[in-house]
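# Descriptive structure summary
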Amino acid sequence: MPKTIEGQLDAKGIKFGVVVSRFNHFITERLLSGVMDAILRNGGADENVTVAWVPGAFEISLVAKTMAESGKYDTVIAVGAVIRGGTPHFDFVAAEAAKGVAQVGLQTGVPVIYGIITTDTIEQAIERAGTKLPNRGFEAALSAIETVNVLKQIGGE
Ligand code: INI
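Residues numbered from 1 in each chain as written. Predicted model: local features only at pLDDT ≥ 70, side-chain atom pairs only at ≥ 80, totals over all residues. Heavy atoms only, no water.

Our next topic: the pattern of salt bridges. For the coordinates displayed, the defined rule picks out 7 salt bridges. One salt bridge connects D91 with R84, and the closest N-O pair in it is separated by 3.5 Å. A salt bridge links K99 to E96; the shortest N-O distance between them is 3.0 Å. Taken as a pair, K99 and E96 lie in helix α3 (residues 89-108) at a separation of 3 residues, close to a single helical turn. E96 gets classed as partly exposed once you look at its relative accessible area, which sits at 35%. Overlapping salt bridges, with partners in common, bring together R84, D91 and D120 in one network. (Salt bridge = Lys/Arg side-chain N within 4 Å of Asp/Glu carboxyl O. Helix = DSSP H or I, 4+ residues; strand = E, 2+ residues; numbered from the N terminus. Buried < 20%, exposed > 50% of the residue type's maximum accessible area, 1.4 Å probe, protein only.)

Have a look at this one:
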């Protein structure tokens, strides 16, 4: 039988850094509510969550890196909303945010979770903020909890 490692959805004692962008605030505040909901429903505590606001998704990676390197957080959740809206700016911001977040996780060893939605329209963004579709912030926080617990088990073997 292979040994199987699975992370439980137990947020007790986990310290969370959350980086949220103000751009498209009406969406990102809903995503942040989803993050908090998932943490609190799974045994996490308000006082173990630190939220840092940044101007836009482009700025998320640097602040996520600083949080990850501080040693104060078990995981960092990146939350943002990049909406196409007919400008090429979208592609640069979306690509840099995704690349940056992935790099921070790999460089620091701290799980950095991608909770940035990228959509063509505002309607699609509203759906991903927990109307027709599940709240992407909620899902990102579940991924954070599970990943922290997988890493803890590997470290504790
Ligand atoms: N930032 C976002 O978070 N979402 C967007 O949709 C967006 N668009 O489309 O422009 C956006 N741009 C701002 C960017 O993230 C930076 O804050 C800005 O370029 C300053 O560096």
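Next, the rest of the story.
Turning next to helix α5 (residues 136-155). Think of an α-helix as turning once every 3.6 residues; residues three or four places apart then point the same way. Taking 1.5 Å per residue as the helical rise, α5 with its 20 residues ought to reach 28 Å, and the 28 Å between its terminal C-alpha atoms agrees with that figure. Burial in α5 covers these residues: G137, A140, A141, A144, I145, V148 and N149. The buried residues of α5 all sit within an arc of 165° when viewed along its axis, so they share a single face. Buried positions along α5 lie against β1 (16-21), α1 (25-41), β3 (75-83) and β4 (112-119). N-capping of α5 is provided by N135, with a side-chain oxygen placed 2.7 Å from the backbone N of G137. (Expected span 1.5 Å × (residues − 1). Arc of directions from axis to C-beta. Contact = heavy atoms within 4.5 Å. Polar contact = N/O pair within 3.5 Å; in protein donor to acceptor, adjacent residues only side chain to side chain.)

Functional significance is not addressed by these values, which are geometric in nature.
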